[in-house]
Amino acid sequence: MAVFSKILTMLRGNLREIGQSVVDQNASSIYEQEIVEAKAHVARAKQNLTAVMAKEMQAAREIESLQAELARYEELALQAMQKNELVLAEEVAGKLAHLEIAITEQNASRNEFTENINKLKDMIRNAETSLREHERQLAMAKTTESVYQATATISQTMGASGSKLMSAKESLERIKQRHQDMADQMHAADVLENELGGKALDQKLAAAGIGQVPDQKALVLARLQAKFSARQVAMMKPATSDGQ
């Protein structure tokens, strides 16, 4: 029996460890679900709050109606007394007493509604503030978990396939070197063409000013400038009289 009890204890311990492991592995999902459920509770609380607020409004309207009725019967009681209808005035006084009791009761109900509404509003505000804080904490936890997972993945990749990464890096360096060699060869070909090819002769002729196409725009601009200068000189000469 002692051995069997120990076996049961061991099994319970293993089940607890397994359960705790499952909870730990799904902590973010569980936390997020609890936040969702808490939001649903807050939404229901808001619905209940609107119902209580409606009751308060109804009580306020009922009080206004009773007060109007009270004022009307007070006036009627005064009219009865003026006509010396004392019995009738006494009956109206009973009606007024009933109305005053009803108003007192409605005021008590409305005050209770108002107190409960204020409490519910405070509770909802506190719950929403707490929810926002939990959502912020959840977002931070998810981000941190993602960073840890990425770091672990990189570490495992570097450790398990470091040689592959080094080989890939060497291949990339060889590609870069091949591109540089091709660029150098193309540059060397351009230099050789300028020195020995047809471009070399063109460059020599251009240096001697031979075979160049005149810049028509520059020629027109020079001609206009000459005309402008001549006109300026003509305007500066003093005018002579016809007799001289």
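Above this text sits the structure in question.
J.: Looking at this structure, how should I read the overall build of the chain?
T.: Per the secondary structure count, the chain includes 6 helices and 0 strands. The order of α-helices and β-strands along the chain, N terminus first, is α-α-α-α-α-α. Here the chain holds 244 residues, and the buried ones make up 9% of them. Contacts spanning at least 24 positions in sequence make up 76% of the contacts within the chain whose residues lie at least 6 apart.

J.: I keep staring at helix α2 (residues 27-82) and nothing clicks. Help me out?
T.: For an α-helix the count is 3.6 residues per turn, leaving residues at separations of three or four pointing the same way. Between its first and last C-alpha, α2 extends 82 Å over 56 residues, near the 82 Å set by a 1.5 Å rise per residue. Of all the positions in α2, only I35, V42, L49, V52, A59, I63, L66, L70, Y73, A77 and A80 are classed as buried. Just past α2, the residue N84 takes up positive phi, approximately 65°.

J.: So what exactly am I meant to see when it comes to the packing of aromatic side chains here?
T.: Working definition: an aromatic ring pair is given by the centre-to-centre distance plus the angle between the planes. What the rule picks out here adds up to 0 aromatic pairs. Stacked on the ring of Y73, the Lys or Arg R72 has its end atom at 4.6 Å from the ring centre.

J.: Help me understand the nonpolar core in this model?
T.: One broad rule of soluble globular proteins: the nonpolar side chains tend to lie buried together. With 9 residues, the main nonpolar core is built from L66, L70, Y73, A77, V92, L96, L99, A102 and I103. Elements with a minimum of two residues in this core: α2 and α3 (86-160). By residue number, the principal contributor to this core is α3, which donates 5 residues. What L66 contacts, discounting residues up to four positions off in sequence, is L99, A102, I103 and Q106.

Rules and cut-offs
- Residues numbered from 1 in each chain as written.
- Predicted model: local features only at pLDDT ≥ 70, side-chain atom pairs only at ≥ 80, totals over all residues.
- Heavy atoms only, no water.
- Helix = DSSP H or I, 4+ residues; strand = E, 2+ residues; numbered from the N terminus.
- Buried < 20%, exposed > 50% of the residue type's maximum accessible area, 1.4 Å probe, protein only.
- Contact = heavy atoms within 4.5 Å.
- Expected span 1.5 Å × (residues − 1).
- Phe/Tyr/Trp six-rings, centres within 6.5 Å; stacked < 30°, edge-to-face > 60°.
- Lys NZ or Arg CZ within 6 Å of the ring centre and 35° of its normal.
- Core = buried A, V, L, I, M, F, W, Y, C linked by side-chain atoms within 4.5 Å.

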